[in-house]
There are 2 protein chains.
Amino acid sequence: MPNKDSIIELCDTPVIHVEIVNKVRKDMPEEETLYDLAELFKVFGDTTRIKILYALSASEMCVCDMAALLSMTQSAVSHQLRVLKQARLVKFRRDGKVVYYSLDDEHIQQIFNQGLDHINE
Amino acid sequence: MPNKDSIIELCDTPVIHVEIVNKVRKDMPEEETLYDLAELFKVFGDTTRIKILYALSASEMCVCDMAALLSMTQSAVSHQLRVLKQARLVKFRRDGKVVYYSLDDEHIQQIFNQGLDHINE
DNA sequence: TATACATATGAATAATTGTTCATATGTTCA
DNA sequence: TGAACATATGAACAATTATTCATATGTATA
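Calculation rules
- Residues numbered from 1 in each chain as written.
- Chains lettered and ligands numbered in written order.
- Predicted model: local features only at pLDDT ≥ 70, side-chain atom pairs only at ≥ 80, totals over all residues.
- Heavy atoms only, no water.
- Phe/Tyr/Trp six-rings, centres within 6.5 Å; stacked < 30°, edge-to-face > 60°.
- Helix = DSSP H or I, 4+ residues; strand = E, 2+ residues; numbered from the N terminus.
- Buried < 20%, exposed > 50% of the residue type's maximum accessible area, 1.4 Å probe, protein only.
- Least-squares fit on C-alpha atoms with pLDDT ≥ 70 in both.
- Contact = heavy atoms within 4.5 Å.
- Salt bridge = Lys/Arg side-chain N within 4 Å of Asp/Glu carboxyl O.
- Axes fitted to C-alpha atoms, helices over the stretch in contact; angles between N-to-C directions.
- Parallel < 35°, antiparallel > 145°, perpendicular 65-115°, else oblique.
- Left-handed = near helix turned anticlockwise from the far one by under 90°.
- Nonpolar A, V, L, I, M, F, W, Y, C, P; charged D, E, K, R; others polar.
- Pairing = 2+ DSSP bridges.

Asks: Mind showing me how you'd approach the packing of aromatic side chains here?
Replies: The relation between two aromatic rings is expressed through the spacing of the ring centres and the mutual angle of the planes. The tally for this structure, following the rule as stated, stands at 9 aromatic pairs over all chains. Aromatic side chains Tyr54 of chain A and Phe112 of chain A sit 5.2 Å apart centroid to centroid with 70° between the ring planes, which places their arrangement in the edge-to-face category. With Tyr54 of chain A in helix H3 (residues 47-58) and Phe112 of chain A in helix H6 (residues 107-119), this pair connects stretches of sequence that are 58 residues apart. Looking at Phe112 of chain A, the relative accessible area reads 3%, which means it is buried. Between the aromatic rings of Phe92 of chain B and Tyr101 of chain B, the centroid separation amounts to 5.6 Å while the plane-to-plane angle is 40°, which identifies the pairing as tilted. What links up through ring pairs into an aromatic cluster is the set Phe41, Phe44, Tyr54 and Phe112 of chain A together with Phe41, Phe44, Tyr54 and Phe112 of chain B.

Asks: Help me out: how do you make sense of the relation of the copies chain A and chain B in this one?
Replies: Two chain copies here: they are related by a rotation about an axis and a translation along the same axis. For these two chains of identical sequence, chain A goes onto chain B by a turn of 180° and a shift of 0.0 Å along the axis, with RMSD 0.1 Å. Both copies are brought into coincidence by an operation consistent with a two-fold rotation axis. In this assembly, 100% of the residues forming the interface of chain A have copies in chain B that are likewise at the interface, indicating an isologous arrangement.

Asks: What's the story with the pattern of salt bridges in this structure? I'm lost.
Replies: Close approach of charged atoms lets side chains of opposite charge pair. In the structure shown here, the tally under the stated rule is 10 salt bridges over all chains. Arg88 of chain B is the partner of Glu121 of chain A in a salt bridge, and the nearest nitrogen-oxygen pair spans 3.8 Å. Placement of the pair is Glu121 of chain A in the segment after H6 and Arg88 of chain B in the loop between helix H5 (74-86) and strand E2 (90-95), with the two residues belonging to separate chains. The class of Glu121 of chain A is exposed, set by a relative accessible area of 52%. Relative accessible area serves as the criterion here: at 35%, Arg88 of chain B is assigned to the partly exposed category.

Asks: Explain the packing of helix H4 (residues 63-70) of chain B against H5 of chain B to me, please; I cannot follow it from the model alone.
Replies: Angle between the axes and distance between the axes are the two parameters that describe a pair of packed helices. All names here are of chain B. At a closest axis distance of 9 Å, the pairing of H4 and H5 adopts a crossing angle of 115°. Relative to H5, the element H4 is oriented roughly perpendicular. Crossing angle aside, the handedness with which H4 passes H5 is right-handed. Between H4, through Val63, Met66 and Ala67, and H5, the contact on the second element is made entirely by Gln74, Val77 and Leu81. Its residues assigned to classes, the contact of H4 with H5 comprises 5 nonpolar, 1 polar and no charged.

Asks: Just to check I follow, could you spell out the sheet that holds strand E2 (residues 90-95) of chain A for this structure?
Replies: Residue and element names in this part refer to chain A. Strand order in this open sheet of 3 strands is E1-E3-E2, and the pairing throughout is antiparallel. The strands lining the two open edges of the sheet, one partner per strand, are strand E1 (61-62) and E2. Direction of pairing for E1 relative to strand E3 (residues 98-103): antiparallel, over a ladder of 2 bridges. Each residue of the ladder has a partner; that of Met61, found in E3, is Tyr101.

Asks: Help me understand the packing of helix H2 (residues 31-44) of chain A against helix H3 (residues 47-58) of chain B in this model?
Replies: Orientation of H2 of chain A relative to H3 of chain B, taken along the N-to-C sense of each, is 115°, at an axis distance of 9 Å. Judged by the twist between their axes, the crossing of H2 of chain A over H3 of chain B is right-handed. Across from Glu31, Leu34, Tyr35, Leu37, Ala38 and Phe41 of chain A in H2 of chain A, the residues of H3 of chain B making contact are Thr47, Ile50, Lys51 and Tyr54 of chain B.

So this is what it looks like as C-alpha cells:
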C-alpha cells in the first residue's frame, strides 16, 4: 500500500505508486540534459527547418537557392539557418559573396529516418 | 552559368544554381510527409513531454504518478498526454479508476538516443 | 572607391502553444 | 444510488516563435 504521508512533499497530487515514482526519479537524466534534448527536437519541429535540413541532406546549397527551392523569402531562410547553426545542425563556408550551407552531423540523417519510420509505421 | 531567365517562375529571389535546385526539388519528399515529420518532432520539442517520455521509457506509469514525479499539475500532465497520444507515442490501459500509460513504439527510444548522441558529441 | 549583390539581423506582428482554473466524465465502493 | 477519486477537457492567459519589412554587413568588381 502506498504511503500517503510521504507524498505531500512531492506535490499536491496524491501519488499512487511511491516506489515506482522514486525508482524512475532515480534513473532520470539531469534536468539540463532533458532540456537540451527538448531544445534540439524543437529545432526539428518546424516545417521550414525540416525542409532546409532535407534539402541539405541532398546537397550543399546557398541561401539564395534554398529560398527559391522553398518559395520563401531570403530573410526567412536566413533566420532559420541561424537557428540551425546555433543547434550545430548545419555548417557553412563562404565563397566570395555566396555562403554555402551543409549538414554538420551524420546523426541528423538518422534522426530523420527514425522519424520517418514512425510516421510510415 | 545559371540561366537567369528561368528563375522568375520559381520565386522573386534570383537562383544561383538552377540545376542543384531542380535536382534537390525532384528528390524532396512530399510536402505532407515533411509536414508530418515536423509535427512529430514538435511533440518531442517540449521539456515536459520529453520528461514524460523518458519516465515511460523506464516504467509504465499512471497520470497521478507522473504529476508527482514532475511536480506538475495533473491537468497539465493530462493535456500533454493527449498530445503524445495523438502522435501515437504513448498508449494506455485502464485499470479501474487508474489509467496507465506506456510507450507505444520502439522508435522512440532510438530517436532519444540519437538526440543524446548529438548533444554529447 | 562606388556600385551591385548575397547574406544577416533587429523590430514588429500574427499565430501557435503550454499551463492554469474550473468543471466534466468515468469508475469504484459503501 | 451517492460519495470519493482518477483522469479528461474547455476556455483563458501568458509566453514563445515564424515571418515580414527595412536595413546593415560583407564581398567582388568595374
